[in-house]
Amino acid sequence: MHFRLLGPVCAVSGDTTVELSGRKPRALVALLAVNAGHVVPIDVLIDALWGEEPPDSARAGVHSYVSTLRRTLGEGVIMRRSAGYELAVPPERVDVHVFTRKVAQARQALAAERFAAAAQDLTEALELWRGPALGGVDGDWAERERSRLGQLRLAALEDRIEADLRLGRGPRLIAELTALVDDNPLRERPRWQLMLALYQAGRQAEALEKYESGRRLLVDELGVEPSPEFQAMHGRILRGEVPEPVPDDGPRAETPAPEPKAAPQQLPPDVADFTGREAEIALLSRRLRQSTQATTVCVIAGTAGAGKSSLAVHTAHLVREHFPDGQLYVNLRGVHSASLEPIEVLARFLRALGVPAASIPDGLEERADLYRTLLADRRVLIVLDDAADERHVRDLLPGGSGCAVLVTSRRRLPALAGALHVDLAVFAETEATELLETLIGAERVAREPDGAADIVRLCGWLPLAVRITGARLSARPQWPLHLMATRLRERHQLLDELSVGDLEVRGSLLLSYEGLSEAERRTLRLLGWLGTMEFASWFVAPLLDATVGATDRLLERLADTYLLDTVTVDAAGSPRYQLHDLTRAFAIERAEAEEPVPPTEAVERVVHCAVTMIDEATARMPRGSSTHVSGRPRFSSPDPATLARLVADPVGWFDAERSVFVALVERASELGLVTASTSLAAALSASAFTARNQFDQWWQTHSAALQAADLAGDDASKASLYVGLGRLRLEQDRFDEAADYYGRALAVYERLGDANNVAVCKLELASVLRERGDLVEAKQTLLAVAPELASGGHSPQVQARAWHGLGMVLTELGEFDASLVQLNRALSEYERLADRFGQALMLRSIGITHRAMGDLVAAEKFCGEALRGMVELGDSHMLVYTVQSLAKVRIRQGRGDEEREALLDGLETCSQLQDGFGQALMLRTLGELDLAARRFDDAEQHLQRSLQWWTALAAPLGRARTLRDLATLFAATGRAAESETTWQEALRLFERHHAREAREQRPWVADSAGLPG
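Calculation notes
Residues numbered from 1 in each chain as written. Predicted model: local features only at pLDDT ≥ 70, side-chain atom pairs only at ≥ 80, totals over all residues. Heavy atoms only, no water. Helix = DSSP H or I, 4+ residues; strand = E, 2+ residues; numbered from the N terminus. Buried < 20%, exposed > 50% of the residue type's maximum accessible area, 1.4 Å probe, protein only. Contact = heavy atoms within 4.5 Å. Areas by Shrake-Rupley, 256 points an atom, 1.4 Å probe, with all protein chains shown as cover. Lys, Arg positive; Asp, Glu negative; His and termini not counted. Charge placed at Lys NZ, Arg CZ, Asp CG, Glu CD. Pairing = 2+ DSSP bridges. Axes fitted to C-alpha atoms, helices over the stretch in contact; angles between N-to-C directions. Core = buried A, V, L, I, M, F, W, Y, C linked by side-chain atoms within 4.5 Å. Patch = residues over 30% accessible without salt bridge, like charges linked within 9 Å, V, L, I, M, F, W, Y side chains within 5 Å. Salt bridge = Lys/Arg side-chain N within 4 Å of Asp/Glu carboxyl O. Expected span 1.5 Å × (residues − 1). Polar contact = N/O pair within 3.5 Å; in protein donor to acceptor, adjacent residues only side chain to side chain. Phe/Tyr/Trp six-rings, centres within 6.5 Å; stacked < 30°, edge-to-face > 60°. Lys NZ or Arg CZ within 6 Å of the ring centre and 35° of its normal.

(A) Structural context of the overall build of the protein. Per the secondary structure count, the protein includes 46 helices and 15 strands. Taken across its 1013 residues, the protein has 53% of its residues classed as buried. For the protein, the proportion of contacts with a sequence separation of at least 24, taken over those separated by at least 6, is 67%. On the protein, roughly 42700 Å² of surface is accessible, and the fraction owed to carbon and sulfur atoms is 50%. For the protein, the distance from the average position of its 115 positive side-chain charges to the average position of its 144 negative side-chain charges is 1 Å.

(B) Quick peek at the sheet that holds strand E11 (residues 420-424). An order of E8-E9-E10-E7-E11 is seen for the five strands of this open sheet, with the pairing classed as parallel. Only two strands of the sheet have a single partner each, and these edge strands are strand E8 (327-331) and E11. Direction aside, neighbouring strands of the sheet carry axes that sit 15° apart on average. Pairing geometry for strand E7 (residues 296-302) and E11, over five bridges, is parallel. Paired with Ile300 across the two strands is Val422, which belongs to E11.

(C) Spatial organisation of the nonpolar core. In this structure, Trp538, Leu564, Trp653, Leu664 and Leu680 are the most contacted members of the largest nonpolar core, which totals 109 residues. In terms of residue count, helix H27 (residues 600-620) provides more of this core than any other element does, ten residues in total. The residues contacting Trp538, other than those within four sequence positions of it, are Val548, Cys609, Ala610, Met613, Pro638, Leu646, Trp653, Glu657 and Phe661. The next biggest cluster of nonpolar side chains, apart from the first, holds 70 residues, and it includes Leu20, Ala27, Leu134 and Leu194.

(D) Region of interest: a nonpolar patch on the surface. Residues Leu186, Leu222 and Val224 make up a contiguous nonpolar surface patch of roughly 240 Å² in combined accessible area. Following the sequence through the fold, Val224 ends up in the loop between helix H9 (204-222) and helix H10 (228-239).

(E) View of helix H43 (residues 916-932). If you check H43, its first and last C-alpha atoms are 24 Å apart, about what 17 residues at 1.5 Å a residue would give, namely 24 Å. Of all 17 residues that make up H43, 16 are buried, and the element is covered over most of its length. A side-chain oxygen of the first residue of H43 lies 3.3 Å from the backbone nitrogen of Phe917; this N-cap is Asp915. Arg934, located one to two residues past H43, shows a positive phi value of around 60°.

(F) Local environment of the pairing of E8. When you tally the buried positions in E8, you get four out of five residues, the bulk of the element. Of the strand pairs in this sheet, E8 and strand E9 (residues 381-387) are connected by five bridges, and their pairing is parallel. The partner of Asn331 across the bridge, within E9, is Asp385.

(G) Representation of the packing of aromatic side chains within the structure. Here the structure, examined in full by the defined rule, presents 13 aromatic pairs. Ring geometry for Tyr513 versus Phe586: centroids 5.4 Å apart, planes at 80°, classification edge-to-face. With Tyr513 in helix H22 (residues 505-514) and Phe586 in helix H26 (residues 581-594), this pair connects stretches of sequence that are 73 residues apart. Looking at Tyr513, the relative accessible area reads 3%, which means it is buried. On the basis of relative accessibility, which here comes to 1%, the residue Phe586 falls in the buried class. One aromatic cluster is present, built from ring pairs that chain together Trp538, Phe539, Trp653, Phe654 and Phe661. Arg521 extends its terminal NZ or CZ atom over the ring of Tyr513, reaching a point 5.4 Å from the ring centre.

(H) Quick look at the sheet that holds strand E6 (residues 84-87). An order of E4-E6-E5 is seen for the three strands of this open sheet, with the pairing classed as antiparallel. The sheet is open, and its two borders are formed by strand E4 (40-41) and strand E5 (78-80), each paired with just one other strand. Across three bridges, the pairing between E5 and E6 is antiparallel. Bridged to Met79 within E6 is Glu86. Strands in contact with helix H3 (residues 58-73) are E5 and E6; relative to E5, the strand with the most contacts, it is inclined by about 140°.

(I) The pattern of salt bridges, seen in detail. Under the definition given, this model contains 62 salt bridges. With its nearest N and O atoms 3.0 Å apart, the salt bridge here joins Glu594 to Arg525. One end of the pair, Glu594, is in helix H26; the other, Arg525, is in helix H23 (residues 518-530), and 69 residues separate them in sequence. The class for Glu594 is partly exposed, based on a relative accessible area of 32%. What makes Arg525 buried here is its relative accessible area of 4%. Through salt bridges with shared partners, a single ionic network connects Lys888, Arg892, Arg924, Glu928, Arg964 and Asp965.

What follows is the structure in structure tokens.
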């Protein structure tokens, strides 16, 4: 089976075209085919088929379309995977992938000047197109993909024309290019290709006219002049200097350049043990060897110690034979106080090129003119090492097309137009280890692989640091590697260890530091002191007590000097930065040496801003909970426009910042900022930590803050953190530990006389009692605490939670009328507060109560309304529970199979979120569904797995209800003795915990009417 997307979407089997009826099935096939061999998540499919507002039935619709397509395409073509669906065909059976492969192959041929082969491959690639891509598919995704593929086709067409032009086929291309220019009037490449085709046809005047008309159009429409490439083509045609066509059977022969009068050989010695950087070497070598119409310029930029100079010199030696007229080299000394000015460098270069000292002009412009004149017809490589900025190199660029310039810099040099820019990162771990092996011997590394891995990691994979460490170890063959790793782990001596001879990481960083303004230096110092791993500008603004805009500019300047690494751009559109480990160690040194007092107030400002931001984001999330920090003040946050932009997608923003917040809690705790660390930990536990079950980080933040509070003897903070840990253990279904933490908090609050928090703590404890099956005790606790909450000045949300908790306990006890009173009371309060999540939660609970009463019509109504509410809110976790509550009703209505796929998806979601309770509940519901459908083997498998979960969770009521279902199954399959034993065990649990099922009739028949509730 092959799939065609470059035209009307269809599938082809042999000589037969398989028609795909319906726009959405075609779109589904197209999306899977574009990602052939990869799993496409369900949510991505839904977005592509329905856009931003999918219907409630979207997930079911996807399953339905897949089923229909399987019948059309055959089994085994579209496969269900854990996270979505996959088109299980090799990419070479999809025309899009064949097209991109052929184009990539052709571009390699173009780079190697095999123009005939390139033209053939590109012709074959373009012949795959049968019309506009994704024909018969609409929607936003299809439009974006159609536009992307269209741009790829246009670029491939231009490449094919380029190959044909290099083969001298210009006359036959004129008509095609004329149409292409008419269709894309602002696209410059087809226009100058048309100029070249006209020139090859002997129509030079028309070619020059095309330039003038194109220039007028660009100026009139866009207000810009033609690009350098366009202008260069005009100049070559004007002067009649267009290269001759290449024969079909091979690359153009190089014309040997005349022997220059002086051929300087100034390159420093190559690095004998140069390691790694294969990709960068290949890219630079290819560009430096290419024949172009202008001087080739390559810029290697990167942080101090990344190996820029070594890479430049090594690459220069590799390509030196391509520059027979010589190689010039100078160390410009960058931001150093003794940096060389261009006028001095030009004097050096002119002498090296054979100009007598007495003949060298005095002025900068005259020296540059003479320099370019001498190099105009020569092929010379110029290496400009450690440039401070663009100004430092502009006057040193030759004008001839045969020369090439290789620049290194600690800053990005974006204003060098037309240059190839290579950002040099630190080594990959394999490269760093290979360098260490080269320096100290592979046998020594093989004896202590863990020690070697620790060393390169502690060196931050920085080539200079690894080289220094390797040199020290080489001089100390008796040292075990773990000894050096231990010495490097000491932050205060880390930079001392990274020094040998004239190589020193600290000195290299100091050069970059001294080139900064004072504001930039202080920013670096405070970032080191703060110690976070990754950050955006809003996070640094309170640290500096500056606006976000001013902070943005400072961070960009630090990133341009490679003292900050730009990691990514997050979902809120903010660039994210981080400090390299060695730069952080250097920044902390400078902070300790230069800051008059430890900048703890700056750290506090960051924490307070983070807490305010988290509260703002949590308020926009589908759900959140009380943080139990009384009277927490509100602190300054970014300006309103920045705040709104950042938290427009609150969950995405929180995901981007989560690890930063965890590190910030630990840093504030380390500095003894107890109130700050406690407030931040509590704010985090009320945010997406709860909604996304991020248990490890929840524990990490609370443990760090608790340690600080314990050292400070701050009992109020300790109690607040105990409550947070209790809620964590409750979310993890570890009920005994949750009760223990709540008990500790309760004891502290009672000792402090904090009546408000005593009441809230009892409310939390009642949740644990209900989950453990201690229903009577939970009811008594809630009846006692509800009046206290109502009169204690608590928030309406806390009071509504109490009514909700009491209502659910009463449902479990079978007191349905009283339960509905409490649940409707909570619902009214949430409606008054316009709390949509609370409303959806109450509707689900009311539906559950009606189902327990046997009123399936009302149960379906309320659970359906709850589901619609959760879908609108986008809370994927609670949506699973709401789907399950509706599925239970549908099973009793005999419609359970409608919900099977949704329950399977819910089981997968709970597994991903480490939600054991949810997995047990989904498995039991699937077992009930199979039991009602008389699929007894499947039912038993699901129910037994559910029983294992309930046992592990120590959740007696869940265990009892699953045992009751198994007893029903055993009775239906003729296993009477096993059924009786299982039922008696379930009944004992129901009676022990006073559950409503203890008073219900035992179900014996496995049909939809007799299923347990």
